[in-house]
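Descriptive analysis of the structure
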Amino acid sequence: RVAPVRRALRVRTVFNIMGPLLNPAGARRGVIGVYSKDYCSVMARALRELGAEHVLVVNTNGVDELSTTGVAHVAELTPDGEIKEWRLDATADLGMPRAELSQLRGGDAHENAATLRQIFAGKKSGPMEDAIALNAAAGLYVGGVCSSIKEGVALAYSSMSAGRPMQTLEAWVAASSDETTI
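Nothing here was measured: the structure is a model prediction, and the numbers come from that model. (Residues numbered from 1 in each chain as written. Predicted model: local features only at pLDDT ≥ 70, side-chain atom pairs only at ≥ 80, totals over all residues. Heavy atoms only, no water.)

**So, the side chain of T68**
Stated precisely, the cut-off is as follows: For the purposes of this entry, the term helix denotes a DSSP run of H or I that reaches at least four residues, the term strand denotes a run of E that reaches at least two, and both are numbered from the N terminus. Accessible area is worked out with a 1.4 Å probe on protein chains only. A residue is then buried under 20% of its type maximum, exposed over 50%, and partly exposed in between. We call two residues contacting when some pair of their heavy atoms lies within 4.5 Å.
Mapped onto the elements, T68 comes out in the loop between β2 (54-60) and β3 (71-77). Given a relative accessible area of 0%, T68 falls into the buried group. For T68, the residues in contact, after removing those within four places along its chain, are A90, T91, M96, P97, R98, A99, D130 and L134.

In structure tokens, the structure reads:
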């Protein structure tokens, strides 16, 4: 109910910060973007108080996600409860090509869905695939699937080149359209 009002305001509000904190799913691990690096450690501390186990709170040059467009500020809530702040330069640290923000801008919903399907099927590479691999890698890392973001990047690229994300998407679409599974 709040989202339409937030969009209409066209100004960042406390709801941009509160949303992840009020997530009813109760996820204990995740990657959360914030619109300003000033909120990374604040959000990590709040998530620790709410029972999170392993979280990366990220901002890359004012963008609320990890990106290949610059150096990300990261506040990591580690499984032992410590909060570590560090920087991640996907180009210098992971060998990923640098991108311009304009290369990551999408189009309308249909165009974005088509692009995502191509990437998920392993049929499209480039800056958008790199951004997806980077963020997926962070999720794999905090999820305990791999021991580093660098390792996660390799897993994400491998998965996409094999078309596994597309297979998963197709399974979700089939399950969500089958009324007997609801």
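After that view of the structure, there is still more to cover.
**A few points about the sheet that holds strand β1 (residues 29-33)**
Here is the rule we go by: DSSP-based pairing: two strands are paired if at least 2 bridges between them are found. Each axis is a line fitted through C-alpha atoms, and for a helix only the stretch in contact is used; angles between axes span 0 to 180 degrees, taken between their N-to-C directions.
Spatially, the 4 strands line up as an open sheet ordered β1-β2-β3-β4, and their pairing is mixed. Two strands lie at the open edges of the sheet, namely β1 and β4 (83-89), each paired on one side alone. With direction set aside, neighbouring strand axes in the sheet form an average angle of 20°. Of the pairings in the sheet, the one linking β1 to β2 comprises 5 bridges and is parallel in character.

**Brief notes about the layout of surface pockets**
Stated precisely, the cut-off is as follows: We place a 1 Å grid over just the protein atoms. Points where a 1.4 Å probe fits but has no way out form a cavity, open points with protein on both sides within 12 Å along at least 5 of 7 lines form a pocket, and any residue with an atom within 4 Å of a point lines it. Grid points are joined across faces, edges and corners, and a volume is the space filled by probe spheres set on the points. Each residue is assigned to one of three groups, with Ala, Val, Leu, Ile, Met, Phe, Trp, Tyr, Cys and Pro labelled nonpolar, Asp, Glu, Lys and Arg labelled charged, and all others, Gly among them, labelled polar.
By volume, the largest pocket amounts to about 280 Å³. Forming the walls of the largest pocket are 16 residues, and the residues nearest its centre are L104, G106, T115, I119 and M128. The biggest single contributor to the lining of the largest pocket is helix α5 (residues 109-120), with 5 residues. By residue class, the composition of the lining of the largest pocket is 7 nonpolar, 6 polar and 3 charged.

**Some points on the pattern of salt bridges**
The following threshold applies: Note on definitions: salt bridges are taken to be side-chain nitrogens of Lys or Arg within 4 Å of carboxyl oxygens of Asp or Glu.
Overall, the coordinates contain 3 salt bridges when judged by the stated rule. Across the salt bridge formed by R28 and E53, the nearest N and O atoms sit 3.1 Å from each other. With R28 in the loop between α2 (14-21) and β1 and E53 in the loop between α3 (40-49) and β2, this pair connects stretches of sequence that are 25 residues apart. With its nearest N and O atoms 3.3 Å apart, the salt bridge here joins E53 to R29. Of the two residues, E53 sits in the loop between α3 and β2 while R29 sits in strand β1, which places them 24 residues apart along the sequence. Exposure remark for E53: the relative accessible area of 31% places this residue in the partly exposed category.

**Thoughts on the packing of helix α6 (residues 127-142) against helix α7 (residues 149-161)**
Just so we agree on the cut-off: Convention used here: angles under 35 degrees read as roughly parallel, angles over 145 as roughly antiparallel, angles from 65 to 115 as roughly perpendicular, and any remaining angle as oblique. The hand of a helix crossing depends on one turn: near helix anticlockwise from the far one by less than a right angle means left-handed, and clockwise means right-handed.
One way to put it is that α6 packs onto α7 with a least axis distance of 7 Å and a crossing angle of 125°. By the angle between their axes, α6 is oblique relative to α7. In this structure, the crossing between α6 and α7 has a hand that is right-handed. Within the contact between the two elements, α6 uses E129, D130, I132, A133, L134, A136, A137, A138, L140 and Y141 and α7 uses I149, G152, V153, L155, A156, Y157 and M160.

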